[in-house]
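# Summary of the model geometry
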Amino acid sequence: MIQPIDGANRIDLLSPAASPHPGSEDIEAALRIGLTHISYAYENGNSNSALTPGVLDSLIALGNDWFDRELAARLYLDRGFENVGILSSLRAHARVKFRGWALDSTNLRDVVKVGKGVDPGQISAKMASDVLFTLLGKLVHSRLEDVAVKLVSRFFVDLLSERTPSTDPITALTQIVPVAEQTWAYSKQGPDHAPVFEAALSVTDGRSSVGSAAGKKLARTQAADEFVRRYGSYETSKITPFSLPRSIGLPPTTEQVCNSLMRHQSIEPDWRPLVQQAFLHNSWVSENKELVNRTNQTDNRLLAFVGATVLSYDYTRSVVSSQIDDNPASYTHLTQTNESLTLAAKLLRLDRAILLGRGQRANGTQPEMVASCLQALAGALYLSLGEPESLTALLSQEWAPALPILNPAMPRDQDPVTKLQELLVKTRVDHSYATVSTSGPMNGRMFIVELKVSSPGTNSSTSTQSTQCSSVKGAKADAARPLIRALEWLRQPLGEPTPSIAAHVEFFRTHLDAIDESSEHDRPANINAFTETPYSKSSGCNGDPKELTSAANGIDKKYARLAFEVLPDALGTRSFVADRQIHYERKNSNTMPALDHKRTDILDLLARRYKQKKCTLYTGYSTSRSELDVGDNINEDYLILVISRGGGEDAIAISPAARRHATYVVRHEVAKLPWHEVFANPKYAAKDLGAKRLVFRDRYPLDQYRSMFEKIKLLLDCAPKSINNKMLYQPRNFTYAFRK
């Protein structure tokens, strides 16, 4: 057994029989990272740490894809499958089973590192499986695949020894109870970052069952599974041992490709029939049933199922390896696309070797058929070469044209539709897709899509139209590309825009110039409701801005001195956000805000810009027990950075609570009172006393955080007399300025 690490983290999270050999420093290092839940990274990670959320997310993706590859290969070799649907259903069943196994068959509760707001003894099955995926990802990234195999070996033994349902629980349920007789009720418990859903099923005759899981759909599946096992039974698939097919005669082109693969990859002759199977499209199999049955062959879909996991793991392994050493703050996992697989297959000239039925051959080889052939071939090679750690690492020189696609040095870009969607959200325009043309036979449809983008502020629009594409998805992507190029040109204008995007560039320029960010108002619509508050009663004022100074002077000073406290040096902005998270979880509030540490990270940037020695962090108290309880003030949800300069103190108040609190800035030369007295007032009154209100908002190409930083910087650096002028975004140089 491995000795305890840091007094807690041990490798004995599985049964002793599954534990790897002791004494490996590499294993201990992997455990320190792998046995960490992402909630811990959000509270403790930084750019100089190997425990950033981005690192853990990338390891989860890597571990998940490795597990999928292992699962698909073991299932495929365990038994013969009549069709890919049964294999897919069994895989889905296994992944559900793995979540429960990760929680119940390991001691993760004792060893996992979690955030302050998470009780290790109450971690969910989803959290447990994520931690195991993180550990598996770290192990395989550290070239410790043998250890990873031992960690999950017990799970695979249990899985392959059970008689497995041939249908999924929802389908099996409908075979016992018609849908019309089923009644479902759902509930949700737990914090937002770790919810637990409960699905309760009842039928008209009084029978019932309950399932719980981290997702609503999974909870429904669990309830259905319990019902079927309690009141009915599954049809179990007839388990026949796996056996290799026999060789068949192939056309010369396909035979030549198979011979080349066998020779260059040094594949044993016994595996030749499986390599042949990779080229058998189901349309060819349906026309050659006698030959297929005689040789125990089938179409390539089962192999493609396995090969898809093989290529996906190698792809993720390459992408993660290129980034993880930089300790990324975030990581978005983008999988391989069918388009990239099709391109790789065509570079290898596999498209000319696929065997199609006569009817399908007349309609041509579709891209998805080519991609599926490549996946099937990857599955055949992976199995025939003894399930290597990485298939692409063993491929011969003949695969060189496709390797940059299969093993990229950097992650792929988002697909055009998703990328444009994110860009258009930042620019705040409306857009819609419409299919304007459909042509061709049913098995060879061609589509043309039009994309229209409209500016609500200028009542103008621009549009693009795709070329003919074999799918609506492809046509949408084709229509999106010109607008993406226009927005990218705006971000980095080099020379004049090309004629194909010039009109789109001018549309976005006009739209961005027309946006008036200063149109937001903070004063409540029912402001008259506040005229009979202690604030106005004690002073005789009715909310008149001219009288606010005397009103505040008369009431607030004694309270304002107690309204804020210095944040202890040991606590930083990240710790503050973690404490607020715990606060809301303990309240069990249904209105818990989404806490975003990137908002308060801006205060760290400002402190560095304006010299940290002159800066102090404060946090506020709630006024809920104060006589000033007439509206939300800068309370305990806020962090306040106070900068001593120019004979006074400027203050910036930012809350991590997204979509709940705006940001406020006080310049001492302009405000009518010191910052602490201004912020002790209700927000609408604080504005009248000189606080400037700012909202988080993207300004293309700036994200909402950089945009806020630029706005605050302008307010702090401008001449005091300019501070009340209207602030405008300058899209041509991506900065802010006051209207002259």
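Residues numbered from 1 in each chain as written. Predicted model: local features only at pLDDT ≥ 70, side-chain atom pairs only at ≥ 80, totals over all residues. Heavy atoms only, no water.

## What to know about the sheet that holds strand E3 (residues 208-213)
The 3 strands are arranged E1-E2-E3 in an open sheet whose pairing can be described as antiparallel. The sheet is open, and its two edges are formed by strand E1 (182-189) and E3, each paired on a single side. Each neighbouring strand pair of the sheet contributes to a mean axis angle of 15 degrees, computed without reference to strand direction. As paired strands, strand E2 (residues 196-203) and E3 are joined by 6 bridges and run antiparallel to one another. When the bridges of E3 are listed, Phe-197 appears paired with Ala-213. (Pairing = 2+ DSSP bridges. Helix = DSSP H or I, 4+ residues; strand = E, 2+ residues; numbered from the N terminus. Axes fitted to C-alpha atoms, helices over the stretch in contact; angles between N-to-C directions.)

## Examining the layout of surface pockets
Size it by volume and the second largest pocket reaches roughly 1100 Å³. Surrounding the second largest pocket, 40 residues form its lining, Thr-337, Asn-338, Glu-339, Gly-474 and Arg-481 being those nearest its centre. Put simply, the parts of the chain that give the lining of the second largest pocket at least two residues each are helix H15 (338-347), helix H17 (367-384), helix H19 (416-427) and helix H20 (472-491). In terms of residue class, the lining of the second largest pocket is made up of 14 nonpolar, 13 polar and 13 charged. (1 Å grid on protein atoms, 1.4 Å probe; cavity = no way out; pocket = protein on both sides within 12 Å on 5 of 7 lines; lining within 4 Å. Points joined across faces, edges and corners; volume = space filled by probe spheres on them. Nonpolar A, V, L, I, M, F, W, Y, C, P; charged D, E, K, R; others polar.)

## Regarding the pattern of salt bridges
Taken as a whole and assessed by the stated rule, the structure comprises 24 salt bridges. The salt bridge involving Glu-488 is made with Lys-419; its shortest N-O contact spans 2.7 Å. Of the two residues, Glu-488 is situated in helix H20 and Lys-419 in helix H19; the sequence distance between them amounts to 69 residues. Residue classification places Lys-419 among the partly exposed positions, given a relative accessible area of 22%. (Salt bridge = Lys/Arg side-chain N within 4 Å of Asp/Glu carboxyl O. Buried < 20%, exposed > 50% of the residue type's maximum accessible area, 1.4 Å probe, protein only.)

## With respect to the side chain of Gln-182
If you trace the backbone, Gln-182 turns up in strand E1. Assessed through its relative accessible area of 12%, Gln-182 is described here as buried. At 3.0 Å, the side chain of Gln-182 and the backbone oxygen of Val-177 are in polar contact. Residues contacting Gln-182, with those up to four places away along its chain left out, are Leu-173, Thr-174, Val-177, Leu-201 and Ser-202. (Polar contact = N/O pair within 3.5 Å; in protein donor to acceptor, adjacent residues only side chain to side chain. Contact = heavy atoms within 4.5 Å.)

## Considerations on the sheet that holds strand E6 (residues 460-465)
Strand-to-strand pairing in sheets goes through backbone hydrogen bonds, with the strands running parallel or antiparallel. The strand order across the open sheet formed by 3 strands is E4-E5-E6, and the pairing between neighbours is antiparallel. If you trace the sheet from one side to the other, it starts and ends with strand E4 (430-439) and E6, each paired once. Across the sheet, the mean angle separating the axes of adjacent strands is 20 degrees when strand polarity is ignored. The pairing of strand E5 (residues 446-455) with E6 spans 6 bridges and is antiparallel. Looking at E6, one finds that Leu-451 is bridged to Thr-464.

## Looking at the nonpolar core
Formed by 109 residues in total, the largest nonpolar core has its most connected members in Phe-279, Leu-350, Leu-374, Leu-377 and Trp-399. When near neighbours in sequence (up to four residues on either side) are disregarded, Leu-350 contacts Val-257, Phe-279, Ala-345, Cys-373, Leu-374 and Leu-377. The next biggest cluster of nonpolar side chains, apart from the first, holds 32 residues, and it includes Ala-607, Ile-654, Phe-696 and Ile-723. (Core = buried A, V, L, I, M, F, W, Y, C linked by side-chain atoms within 4.5 Å.)

## Considering the packing of aromatic side chains
The final tally for this structure, using the stated rule, is 17 aromatic pairs. Centroid distance Phe-507 to Phe-508: 5.1 Å. Interplanar angle 70 degrees. Geometry classified as edge-to-face. Take Phe-507 and Phe-508: they sit in the same class, and that class is buried. Here the aromatic residues Phe-67, Phe-98, Trp-101, Phe-133, Phe-155 and Phe-156 are joined through ring pairs into a cluster of three or more. The ring of Trp-184 is capped by Arg-220, whose NZ or CZ atom sits 4.2 Å from the centre of that ring. Directly above the aromatic system of Tyr-433 lies the positively charged group of Lys-476, at a separation of 5.3 Å from the ring centroid. (Phe/Tyr/Trp six-rings, centres within 6.5 Å; stacked < 30°, edge-to-face > 60°. Lys NZ or Arg CZ within 6 Å of the ring centre and 35° of its normal.)

By themselves, these are just geometric observations and shouldn't be taken as functional.
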